[in-house]
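# Tertiary structure, described
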Amino acid sequence: MSAVGVGAVFGALTLGSVVPRHPPLALLHASAAAGCAVLATLSIVEAFWLTALGMFLLGYASVITAAGCNTTLQLGSSDELRGRVMGLYTLIHGGSFPIAAPLIGAVAERSGVSIAFFAWGAGGLATLAVLMGARWRLERRRSALASAP
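Quick notes on the rules
Every chain is numbered on its own, with residues counted from 1 as its sequence reads. Two thresholds apply to this predicted model, a pLDDT of at least 70 for residue-level local features and 80 or more for giving and counting side-chain atom pairs, whereas whole-chain, interface and lining totals are computed over all residues. Hydrogens and waters are ignored; side-chain quantities use all the structure's heavy atoms. A run of DSSP states H or I qualifies as a helix once it reaches four residues; a run of E qualifies as a strand once it reaches two. Both are numbered from the N-terminal end. We call two residues in contact when some of their heavy atoms are within 4.5 Å. To form a nonpolar core, buried Ala, Val, Leu, Ile, Met, Phe, Trp, Tyr and Cys residues must be joined to one another through side-chain atoms within 4.5 Å. A 1.4 Å probe rolled over the protein chains alone gives each residue an accessible area, and that area as a share of the maximum for its type sets the label: buried under 20%, exposed over 50%, partly exposed in between. What goes into a patch is any residue over 30% in relative accessible area without a salt bridge, connected to like charges within 9 Å or, for nonpolar side chains (Val, Leu, Ile, Met, Phe, Trp, Tyr), within 5 Å. Each accessible area is a Shrake-Rupley estimate made with a 1.4 Å probe; only the visible protein chains count as cover when residues are assessed. By salt bridge we mean one thing: a side-chain nitrogen of Lys or Arg within 4 Å of a carboxyl oxygen of Asp or Glu. Cysteine sulfur atoms that pair up within 2.5 Å are treated as a disulfide. Each Phe, Tyr or Trp ring (for Trp, its six-membered ring) is paired with any other whose centre lies within 6.5 Å, and the angle between the two planes then decides the class: stacked below 30 degrees, edge-to-face above 60, tilted in between.

### Side note on the overall build of the protein
Summing up its helical and strand segments, the protein has five helices and zero strands in all. Reading the protein from its N end, one meets helices and strands in the order α-α-α-α-α. C-alpha atoms of the protein, sized along the principal axes, occupy 60 × 35 × 25 Å. Relative to all contacts within the protein whose residues are 6 or more apart in sequence, the contacts with residues 24 or more apart total 69%.

Below is the structure:
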């Protein structure tokens with residue numbers, strides 16, 4: 001857990017000092033993918049120091065993803081809608097844990113922690129791929145509509 005905490009601190013320092021005011025969407029995608037990939041990879045790691053490194057990277061990527069999404073939503077929302085947008089973000093972000101925690105606990109209890117790590121990492125990567133594909137299709141439609149006479 002210390003490795004996750006140290007990684008989170010370094011992620012926050014990176015996001016606050018290196019990344020521009022508006023975190024690029026590509027950075028958010030990359031950090032989310034990296035966190036999920038590390039989680040899936042941890043399912044096969046047995047060495048303590050490799051596990052500590054993986055947990056550091058997981059904390060690093062998690063803070064960049066969470067704080068970057070929060071920053072992007074707040075800066076991209078109009079003043080009139082910011083409270084509603086952040087309320088919805090908090091509901092989705094915080095509300096997913098009470099649903100996901102028992103599910104991942106059941107997988108870990110039934111199949112083992114390694115399988116649970118892999119399932120959640122691979123599931124996160126698959127979900128990210130679906131979301132990125134949907135965004136790409138939406139942007140393609142918008143550009144087609146904008147260029148149509």
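What follows picks up the thread again.
### Concerning the nonpolar core
Formed by Ala3, Val38, Leu39, Leu42, Met55 and Leu58, the largest nonpolar core amounts to six residues. Mapped by element, the contributors of at least two residues to this core are helix H2 (25–41) and helix H3 (48–76).

### Some details on a nonpolar patch on the surface
On the surface, Leu50, Leu53 and Leu57 cluster together into a nonpolar patch covering about 270 Å² of accessible area. With respect to the element layout, Leu50 can be found in helix H3.

### Looking at the state of the cysteines
Linking two cysteines covalently via their sulfur atoms produces the bond known as a disulfide. Throughout the structure, instances matching the rule amount to zero disulfides. Summary of cysteine pairing: Cys36 is not part of a disulfide, and the nearest cysteine sulfur, belonging to Cys69, is at 12 Å.

### Details of the packing of aromatic side chains
All chains considered together, the criterion is met by three aromatic pairs. Ring centres of Phe48 and Trp49 lie 4.9 Å apart, and the angle between their planes is 80°; on these two criteria the pair is classed as edge-to-face. By relative accessible area, Phe48 is classed as exposed at 57%. A relative accessible area of 67% means that Trp49 is categorised as exposed. Here Phe56 and Tyr60 contribute two aromatic rings whose centre-to-centre distance is 6.3 Å and whose plane-to-plane angle is 20°, an arrangement assigned as stacked. One end of the pair is Phe56 and the other is Tyr60, both in helix H3 and four residues apart, which spans about a single turn.

### As for the pattern of salt bridges
In a structure, side chains of opposite charge can pair up when their charged atoms sit close to one another. Taken as a whole and judged by the stated rule, the model has two salt bridges. A salt bridge links Arg82 to Asp79; the shortest N-O distance between them is 2.9 Å. In this structure, Arg135 engages Glu139 in a salt bridge whose closest nitrogen and oxygen atoms are separated by 3.1 Å. Here the residue Arg135 and the residue Glu139 both occupy positions in helix H5 (residues 113–147), the gap between them amounting to four residues, near one helical turn. A residue is classified by how much of its surface remains accessible, and Glu139, at 40% relative accessible area, is partly exposed.

Limitation: the analysis is restricted to geometry and does not speak to function.
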